[in-house]
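Below are the chains, spelled out letter by letter.
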Amino acid sequence: MSKPDTRLNVSPVPPDEIFALNGAYAVDPHPQKVSLGVGVYRTDDGKPWPLPVVQKAEKALVVEDDLFRHEYTAIEGDVPFLGIARDLMFGFEGKQSEEEAKARIGSVQTVAGTGANHLGALFLAHHMKPTNVWLSNPSWANHQTIWELAGVPRKTYPYYHAATRSFDFEGMMSTLESEAQEGDVVLLHACAHNPTGLDPNKEQWVAIADLCERKNLFPFFDSAYQGFASGSVEEDAWAVRYFFNHKPDMEMCVAQSFSKNFGLYGQRVGAFHYCNNRASASIRDVVVNNLCHLIRGEFSMGPRVGCTIVKKVLTNDELTADWHEDLKVMSSRIKAMRKALYNELVRLQTPGTWEHIIQQNGMFSYTGLTPKQVYALKDRYHIYLLKSGRASISGLSQKNVAYVAQAIDDVIRNEN
């Protein structure tokens, strides 16, 4: 009798495009190389920018309590931090009392926004068992991986209209209206859509909320850029707060990241918030208990240092004011670089229309460049961006924007 085959059965998977691109950029010796791939904030000198307010908080924490870095938190995370993160996200504006509103939200700390997305997907897969999750086409590539690992079938709704380089609101609504089933999850980017940089306007958000309520769909918000996109935490949370305040009988959840708006990329600070409807607010603690069960089996508890920094900043009026100024610095530079690239392309009379660059929002621009043109930018000019044409605007600076525009002009004219 033959023995069963117990050998590991694995197949190769393609490398992550963003990190592979960043690795290629790192070893490129060309003096004019430009990284427009990875989504991290850079100064006009192309260097990381530890937020000044974060540096202040770190120094104060070391003086006050050097042990803050070393102790375990609870399984659900640092409880005071969770209250602060929740309040920042939801704001509690509307007809409900603050106490009633908070009673609807169960929060746990996660390993950044990726961990929040993953935990939420796993929780819903186990306890709601949706038939499908609907992702925008295109979406952050990691959304596909996260929901694949959760075992939930993935479908896509139209989001980007390539011919006009605009948000395809009509395509999104008609697809979800005709094809989404009751109980399906709809993944929504709270602001600064990754990768297109195109967001619904407020009127469109209202229509999306109405559709979700009417068809009994479950909204899953990914909030990675609150305050970073517009410079205003209130403006960037508008969609989440509208859904929460104006649709109190609809359940929803939010994956919240502090990587971009605090510059804490390596500290992995995040939170996941599950919002029960008004009638089932009493089961909040049961939801948290089940989330903790998943957390305990995966990473036991969230990291301490980053959340302590956020807590320090947002519980001190002076530091909070400083943080709001830092947000304005980052968002203003991104907007200025969009305008500078647009102006250069117009000056060069580059074929096509380029208004979409200044109409888009946040870290990324869906430039409209083809894969062939993207490869030509890398091979000829050592400019690195994703094959989809997504560019991280933060990689632009006053020193390189004319060079990048000239390179784009060349590949547009010669690589059709």
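Each remark here, short or long, concerns the structure printed above.
Residues numbered from 1 in each chain as written. Predicted model: local features only at pLDDT ≥ 70, side-chain atom pairs only at ≥ 80, totals over all residues. Heavy atoms only, no water.

Caption draft 1: Examining the overall build of the chain more closely. Tallying secondary structure elements over the chain gives 16 helices and 13 strands in all. Computed over the C-alpha atoms, the radius of gyration of the chain is 22 Å, within 12% of the 22 Å expected from 2.2 N^0.38 for a compact globule of 416 residues. The C-alpha extent of the chain, read off along each of the three principal axes, is 65 × 60 × 60 Å. By residue count, 55% of the 416 residues in the chain fall in the buried class. (Helix = DSSP H or I, 4+ residues; strand = E, 2+ residues; numbered from the N terminus. Rg over C-alpha atoms; globule rule 2.2 N^0.38 Å. Buried < 20%, exposed > 50% of the residue type's maximum accessible area, 1.4 Å probe, protein only.)

Caption draft 2: Up close: the pairing of strand β7 (residues 185–189). Most of β7 sits inside the fold, with five of its five residues counted as buried. Pairing analysis gives two bridges linking strand β3 (residues 133–137) to β7, with the strands arranged parallel. Note on β7: the bridge partner recorded for V133 is V185. Crossover handedness for the path β7 to helix α8 (residues 202–215) to strand β8 (residues 218–223): right-handed. (Pairing = 2+ DSSP bridges. Right-handed = clockwise from strand over helix to strand, strands pointing away.)

Caption draft 3: The arrangement of empty space enclosed by the protein in detail. Evaluated as defined, the whole model comprises two cavities of 30 Å³ or more. Estimates place the volume of the largest cavity at around 60 Å³. Taken together, L36, L341, S365, T367, L369, L385, A391, I393, L396, V404 and I408 make up the lining of the largest cavity. Grouping the constituent residues of the lining of the largest cavity by class yields nine nonpolar, two polar and no charged. Computed from the structure, the second largest cavity encloses a volume of approximately 40 Å³. (1 Å grid on protein atoms, 1.4 Å probe; cavity = no way out; pocket = protein on both sides within 12 Å on 5 of 7 lines; lining within 4 Å. Points joined across faces, edges and corners; volume = space filled by probe spheres on them. Nonpolar A, V, L, I, M, F, W, Y, C, P; charged D, E, K, R; others polar.)

Caption draft 4: Molecular detail of the layout of surface pockets. Estimated volume of the largest pocket: approximately 1200 Å³. Around the largest pocket sit 43 residues that line it, and D16, I18, W140, A141 and N142 are the ones nearest its centre. Only α1 (17–27), α5 (112–127), α6 (141–150) and β11 (364–366) provide two or more residues apiece to the lining of the largest pocket. With six residues, α6 is the largest single contributor of residues to the lining of the largest pocket.

Caption draft 5: A look at the pattern of salt bridges. Enumeration according to the criterion identifies 16 salt bridges in this entry. The closest approach of N and O atoms between K311 and D78, which form a salt bridge, is 2.8 Å. Pair noted here: K311 is in helix α12 (residues 305–314) and D78 is in the loop between α2 (52–64) and α3 (79–90), with a separation of 233 residues, a long-range link. One continuous salt-bridge network, built from bridges that share partners, spans R86, D87 and K102. (Salt bridge = Lys/Arg side-chain N within 4 Å of Asp/Glu carboxyl O.)

Caption draft 6: Representation of the sheet that holds β8 in the model. In space, the seven strands of this open sheet follow the order β2-β10-β9-β8-β7-β3-β4, with mixed pairing throughout. The sheet is open, and its two borders are formed by β2 (105–111) and β4 (154–158), each paired with just one other strand. Pairs of neighbouring strands in the sheet enclose a mean axial angle of 25°, with direction left out of account. Examined bridge by bridge, β8 and strand β9 (residues 252–257) share four bridges and lie parallel to one another. The partner of S223 across the bridge, within β9, is Q256. Of the strands in this sheet, β2, β8, β9 and β10 (269–275) are in contact with α3, which crosses β10 at around 70°. (Axes fitted to C-alpha atoms, helices over the stretch in contact; angles between N-to-C directions. Contact = heavy atoms within 4.5 Å.)

Caption draft 7: Quick look at the packing of aromatic side chains. Taken as a whole and judged by the stated rule, the model has 22 aromatic pairs. Ring plane angle 55° and centroid distance 5.0 Å describe the contact between F90 and F244, whose orientation is recorded as tilted. Taken as a pair, F90 in helix α3 and F244 in helix α10 (residues 238–246) lie far apart in primary sequence, 154 residues in all. Using a relative accessible area of 0% as the deciding quantity, one classes F244 as buried. Considering the side-chain rings of F221 and F243, the 4.9 Å spacing of their centres and the 90° angle between planes classify their relative orientation as edge-to-face. Of the two residues, F221 is situated in strand β8 and F243 in helix α10; the sequence distance between them amounts to 22 residues. The same class applies to F221 as to F243, namely buried. By the ring-pair criterion, three or more aromatic residues cluster together here, those being Y41, W49, Y225, F228 and F364. In this structure, R104 is placed above the aromatic ring of F244, and the distance from its NZ or CZ to the ring centre is 4.1 Å. Positioned over the ring face of F364 is R390, at 3.7 Å from the centre of the ring. (Phe/Tyr/Trp six-rings, centres within 6.5 Å; stacked < 30°, edge-to-face > 60°. Lys NZ or Arg CZ within 6 Å of the ring centre and 35° of its normal.)

Caption draft 8: Geometry of unusual backbone geometry. With an omega of 5°, the peptide bond between N137 and P138 qualifies as cis. The topology assignment puts P138 in the loop between β3 and α6. Residue P195 follows N194 across a cis peptide bond; omega there is 20°. Within the fold, P195 resides in the loop between β7 and α8. Phi is positive for Q349, which is not a glycine, with a value near 55°. Structurally, Q349 is set in the loop between α13 (317–347) and α14 (355–359).

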